[in-house]
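# Structure at a glance
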Amino acid sequence: MKHLNITLWGVLPYLVLLLFVAGSAWRYRYDRFGITTRSSQLHESRLLRVASPLFHVGLLLVVGGHVIGLVVPESLTERLMIPESAYRANALAVGGTAGLAAVAGLAVLVWRRLRTRAVRISSRPSDRALYPVLAVVLVAGLVATLAGSRSGDYDYRLGVSVWFRSLFALDPDVTAMSDAPLTFQIHTLAGMALFALWPFSRLMHAFAAPVGYLVRPYVVYRSRGSRVDPGPGSGNGGRSGSARAAGRPAAASHAFDGQRRG
Amino acid sequence: MDDYYEPWTYDYENLTAAPLGDDVPTAPPRSLVDGRPTAVTGGPNWDDDLGGGPAHLAGDPVLRKVSDDVRLEYENAFMFYLPRICEHCLNPSCVAACPSGAIYKRIEDGIVLVDQDRCRGWRMCVSGCPYKKIYFNHRTGKAEKCTFCYPRIEAGEPTVCSETCVGRLRYLGVILYDPDLVGEAASVEDDRDLYRAQLGCFLDPDDPDVAAAAEASGVPHDWITAARRSPVHALINRYRVALPLHPEYRTMPMVWYIPPLSPIVDALAGTGNDGEDAGNLFGAIDSLRIPVSYLAELFTAGDPEPVRDSLRRLAAMRAHMRRANLGEPEDPGIARSVGMDTAEMQRMYRLLALAKYEERYVIPTAYSAASGTGGDGCGCSLDTPGGPGMMPDGSSADAFHAPPKPPPQAAEPVHAAGPGGDDPPGRPRRVNLLNWNGHGRPDGLFPPRPQEET
Ligand code: HEM
Ligand code: SF4
């Protein structure tokens, strides 16, 4: 049991992290063409229009909640005089709602992926692995949140979070995690599976979130010779000096005066 | 998908594999999306000619704006085609809409391209292009669009659509313009001013100041001479017969059209008039089968004057040339009535009716001046012996007809690949892991082992 615990909570996280980082770097370098959301809107848009935003918005809130919950130590919120009860109520209200939204969104997405033939056929093997894992992560997380707050017996911020931070101190606190309730353990394990899958699935698209769009000029100019710069997302070039005095598009003009000839 | 049509193929195998029977086997249609039998209900060019008439006329947004009662009598119908490609706009909204910055306008030649390695499939360009000229590839999850056949253009060859047009209707050439004026021109208040505003962005390559400024900003000399000989420049600026398509979209489109003179000559002759007489023709322009107001909605945001001017010039050219062909004395009044002189009229006729290949497509080859980040004066490193621009046989002049090579990348002297290897060492090859079956070592997954490198 001890060895299993060390493997799961002391070694596996680092392997997953390595796979996640190295895999993403490899994918970025060798398969940039493959990084896309692989939208299935063309095959089915009615359900997608509702479910995808529901899932994503819920998920982004959940991710934000994780950052707060895992990174910010309990001592800090205590110092800020945020009572534990308020923290929990907030986590339950925001986190629970967001989690519900994400789960509901995912349920519809999975449903349409299975039931719409065109979407099912366009799914890749990586999708087949991704959706179950995603579902387990979300459901286990939601159960942990809802159940945990009701009984109030387990404070993950004194357990899971401590373990999480200890990972980055390169001194994994294995007992903090092995003492956690099963739902948390399942959630964490599935979460690791998700990060391991990340570089090899459509989840890579999350890295492509177009932040650069906010600051770049509207029209991107690029020189024929310029290579793709390694920075993700945003445009390079921009409205730069090189296009100053006289641009030179080869313009086409079509005359369709066919009947003048006929 | 339902708004377009479901791509399909035919089950040709059934033709040979069907068991022997009394019936001739057929090749039933199969959906290319999900492989199931499908009923073909739409397709590319499905609505051509009269096919979609009854269904689509009612929805024609241009027709709705036109006040004339357009006659839709089928026995009177004649076909008027409007081939549309990407406009390679000066102010491309697809570029502006792309969250990833994957779509860009090339500085050298203005071609608007999608960088397939940067596209992440957000699909904003699809809704962003008012001309509906970006397509989403549902297999690769990437946006695709007309590339203006850029490898051909770089080699000085016309686009395939131009070269293969049996009507020889398409013209290609260089237009010099001032990018600093584009933003202003695209934001003039009145839609109807957009045509003239765009004309205002174009520069006259015969003006020595323009030529000097262009050269100073790095436009190669042969591009400036090409701009002077550009048939497009002549049709747009000199003769003013070509007009932009839907300028009211404010993207400053760069594929311009010459409006059609619908068959009026026969109609005039039928009423006992001389159908080729300039005066009669001018009078008839306002009662064309395709109303001027309809054309104006297409080409000038509803301003009939430029369309009328263009049609009058075409009609005048027709009358002028008839006199010439019949050996009648020239009537300079015809040309003058549309603001031209007879020599100009002759030249316009030459360009529209007789122009040979070299006159219709004036395309300078890939710019030899400094391109890319290399700064100035580095020449074209692609053409240095062994550079990626060189073809295996060492001739770069006819590069276009050489067997396909990986696209030359950048002004960066990459050394020639070893014998047999197409990929210069050090350049990453793409591997799509999702297609990897898990067995063996896919090519390029890892950097080559040392002993493989020779
Ligand atoms: C931060 C930014 C993100 C953006 C902008 C984003 C955007 C998108 C877009 C545009 C699609 C395509 C929807 C379609 O048309 O089919 C998509 C699909 C998807 N995204 Fe995201 N995403 C983000 C983050 C994430 C994260 C963090 C996850 C999961 C951990 C995720 C999971 C998914 C899944 C599973 C799909 C497929 C949905 C389906 O078609 O079944 N996304 N995303
Ligand atoms: S026509 Fe559409 S796709 Fe082409 S440049 Fe203009 S906005 Fe972009």
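You'll find chain A entered in an unreviewed UniProt entry as Respiratory nitrate reductase subunit gamma, with Actinomadura yumaensis given as the organism. Its UniProt record gives chain A a comment under Subcellular location (unreviewed entry), which states: "Cell membrane".

## Considering the overall build of chain B
The number of helices and strands found in chain B is 19 helices and 9 strands. In chain B, once contacts between residues fewer than 6 apart in sequence are set aside, the share between residues at least 24 apart is 59%. Carbon and sulfur atoms form 52% of the exposed surface of chain B, whose accessible area is close to 22700 Å².

## With respect to the UniProt feature "transmembrane region" (unreviewed entry) in chain A
Residues and elements named next belong to chain A. Annotation from UniProt places "transmembrane region" (unreviewed entry) at residues 6-26, 47-71, 91-110 and 130-148. End-to-end, the C-alpha atoms of residues 47-71 are 35 Å apart, and along that stretch the chain is 100% helix and 0% strand. With 100% helix and 0% strand, the stretch residues 91-110 has end C-alpha atoms that lie 27 Å from each other.

## A word on the pairing of strand E6 (residues 142-145) of chain B
Residues and elements named next belong to chain B. Sheet topology places strand E5 (residues 134-137) next to E6; 4 bridges connect them, and they run antiparallel. Each bridged residue has a counterpart across the sheet, and for isoleucine 134 the counterpart in E6 is lysine 145. Linking E5 to E6, which pair antiparallel, is a turn of 4 residues; within it glycine 141 sits at a positive phi near 70°.

## Quick notes on unusual backbone geometry
Residue and element names in this part refer to chain B. The backbone phi angle of phenylalanine 148 is positive, close to 55°, even though this residue is not glycine. Tracing the backbone through its elements, the reader meets phenylalanine 148 in the loop between E6 and helix H6 (150-154). Classification of phenylalanine 148 by relative accessible area gives buried; the value is 4%. The phi dihedral of arginine 250 falls on the positive side, at around 65°, and the residue is not glycine. Here arginine 250 lies in the loop between strand E8 (243-244) and strand E9 (255-258).

## Some words on the pattern of salt bridges
Enumeration over the complete set of coordinates arrives at 20 salt bridges over all chains. A salt bridge links Arg36(B) to Asp34(B), with the nearest nitrogen and oxygen atoms 3.1 Å apart. Two residues, Arg238(B) and Asp206(B), come together in a salt bridge whose shortest N-O distance is 4.0 Å. Residue Arg238(B) is found in helix H12 (residues 231-238), and its partner Asp206(B) is found in the loop between helix H9 (194-201) and helix H10 (208-216); the two are separated by 32 residues along the sequence. On the basis of relative accessible area, Arg238(B) is assigned to the partly exposed category, the value being 34%. Relative accessible area serves as the criterion here: at 42%, Asp206(B) is assigned to the partly exposed category. By sharing partners, the salt bridges in this structure join Arg38(A), Arg113(A), Asp127(A) and Arg202(A) into a single network.

## Side note on the coordination of the iron atom of ligand 1
Residues and elements named next belong to chain A. Within the protein, the iron atom of ligand 1 binds to His56 (NE2) and His205 (NE2); these donor distances fall in the range 1.9 to 2.0 Å. Around the iron atom of ligand 1 sit 6 donor atoms, and with donor-metal-donor angles ranging over 84 to 179° the site reads as octahedral. Of the two residues, histidine 56 sits in helix H2 (residues 46-71) while histidine 205 sits in the loop between helix H9 (182-197) and strand E1 (221-222), which places them 149 residues apart along the sequence. For histidine 56, a relative accessible area of 32% translates into the label partly exposed.

## Observations regarding the site of ligand 1
Taken together, 21 residues sit near ligand 1, with Ser39(A), His56(A), Arg113(A), Tyr131(A) and His205(A) positioned nearest. More than one chain reaches ligand 1: its neighbouring residues belong to chains A and B. Here His56(A) contributes a side-chain N or O atom positioned 2.6 Å from a nitrogen atom of ligand 1. Looking at the shell around ligand 1, the elements that each hand over two or more residues are H2, helix H4 (84-115) and helix H6 (125-151) of chain A.

## Considerations on the site of ligand 2
Close to ligand 2 lie Cys86(B), Glu87(B), His88(B), Cys89(B), Pro92(B), Ser93(B), Cys94(B), Val112(B), Cys129(B), Tyr131(B), Ile134(B) and Lys145(B), which account for all nearby residues. Residues of the shell around ligand 2, tallied by class, amount to 8 nonpolar, 2 polar and 2 charged.

## Comments concerning the nonpolar core
Ranked by size, the top nonpolar core spans 87 residues in total, and within it Ile103(B), Phe202(B), Leu235(B) and Leu311(B) carry the most contacts. Residue contributions to this core peak at 8 residues, all from helix H16 (residues 304-325) of chain B. Beyond its immediate sequence surroundings of up to four residues, Ile103(B) is in contact with Val220(A), Cys94(B), Val95(B), Cys98(B), Val112(B), Leu113(B), Val114(B), Cys125(B) and Ile134(B). Counting 20 residues, the second-largest nonpolar core is a separate cluster that includes Phe20(A), Ile35(A), Leu48(A) and Met204(A).

## Things to note about the packing of helix H15 (residues 292-299) of chain B against H16(B)
Helix-helix packing: each pair is described by the crossing angle between the helix axes and the interaxial distance. Residue and element names in this part refer to chain B. Where H15 meets H16, the closest approach of the two axes is 8 Å, and the angle between their N-to-C directions is 110°. Classified by the interaxial angle, the pair formed by H15 and H16 is roughly perpendicular. In this structure, H15 crosses over H16, and the sense of that crossing is right-handed. Between H15 and H16, the contacting residues are Val292, Leu295 and Ala296 on the first element and Pro304, Val307, Arg308 and Leu311 on the second. Here the contact of H15 with H16 is built from residues that sort into 6 nonpolar, no polar and 1 charged.

## Thoughts on helix H18 (residues 342-354) of chain B
Here H18(B) spans 17 Å end to end across 13 residues, near enough to the 18 Å set by a 1.5 Å rise per residue. Of the residues flanking the start of H18(B), the one acting as N-cap is Asp341(B), its side-chain oxygen 3.2 Å from the backbone nitrogen of Ala343(B).

## Details of the sheet that holds strand E4 (residues 112-114) of chain B
Ordered in space as E1(A)-E3(B)-E4(B), the 3 strands form an open sheet in which the pairing is mixed. The outermost strands of the open sheet, each flanked by one partner alone, are E1 of chain A together with E4 of chain B. Summarising the sheet, strand E3 (residues 103-106) of chain B and E4(B) pair through 3 bridges and their orientation is antiparallel. Bridged to Lys105(B) within E4(B) is Val112(B).

## A word on the confidence of the model for chain B
In the predicted model, chain B carries a mean pLDDT of 77, and 72% of its residues have values of at least 70. Scoring of the predicted complex yields 0.75 for pTM and 0.75 for ipTM.

## Comments concerning the packing of aromatic side chains
Summed over all chains, the structure comprises 17 aromatic pairs over all chains. The interplanar angle of 85° and the centroid separation of 5.9 Å between the aromatic rings of Phe20(A) and Trp198(A) together place this pair among those described as edge-to-face. Of the two residues, Phe20(A) sits in helix H1 (residues 2-30) while Trp198(A) sits in the loop between H9 and E1, which places them 178 residues apart along the sequence. Given a relative accessible area of 16%, Phe20(A) falls into the buried group. Through a chain of ring-to-ring contacts, three or more aromatic side chains come together here, namely Phe20(A), Phe195(A), Trp198(A) and Phe207(A). Geometry around Tyr30(A) places Arg29(A) over its ring, the cationic atom sitting 5.6 Å from the centre. Note that Arg222(A) overlies the ring of Tyr104(B), its terminal NZ or CZ placed 4.1 Å from the centroid.

## A few points about the environment of Leu76(A)
Relative to the helices and strands, Leu76(A) resides in helix H3 (residues 74-79). With 139 residues separating them in the primary sequence, Leu76(A) and Val215(A) have C-alpha atoms 34 Å apart.

About the cut-offs
- Residues numbered from 1 in each chain as written.
- Chains lettered and ligands numbered in written order.
- Predicted model: local features only at pLDDT ≥ 70, side-chain atom pairs only at ≥ 80, totals over all residues.
- Heavy atoms only, no water.
- UniProt positions renumbered as here; feature names shortened; annotations may be inferred.
- Helix = DSSP H or I, 4+ residues; strand = E, 2+ residues; numbered from the N terminus.
- Contact = heavy atoms within 4.5 Å.
- Areas by Shrake-Rupley, 256 points an atom, 1.4 Å probe, with all protein chains shown as cover.
- Pairing = 2+ DSSP bridges.
- Buried < 20%, exposed > 50% of the residue type's maximum accessible area, 1.4 Å probe, protein only.
- Salt bridge = Lys/Arg side-chain N within 4 Å of Asp/Glu carboxyl O.
- Donors = N, O, S within 2.8 Å, 3.2 Å for Na, K, Ca; no water.
- Tetrahedral: all angles 85-135°; square planar, octahedral: opposite > 155°, others 65-115°.
- Near = heavy atom within 4 Å.
- Polar contact = N/O pair within 3.5 Å; in protein donor to acceptor, adjacent residues only side chain to side chain.
- Nonpolar A, V, L, I, M, F, W, Y, C, P; charged D, E, K, R; others polar.
- Core = buried A, V, L, I, M, F, W, Y, C linked by side-chain atoms within 4.5 Å.
- Axes fitted to C-alpha atoms, helices over the stretch in contact; angles between N-to-C directions.
- Parallel < 35°, antiparallel > 145°, perpendicular 65-115°, else oblique.
- Left-handed = near helix turned anticlockwise from the far one by under 90°.
- Expected span 1.5 Å × (residues − 1).
- pLDDT = per-residue confidence, 0-100.
- Phe/Tyr/Trp six-rings, centres within 6.5 Å; stacked < 30°, edge-to-face > 60°.
- Lys NZ or Arg CZ within 6 Å of the ring centre and 35° of its normal.

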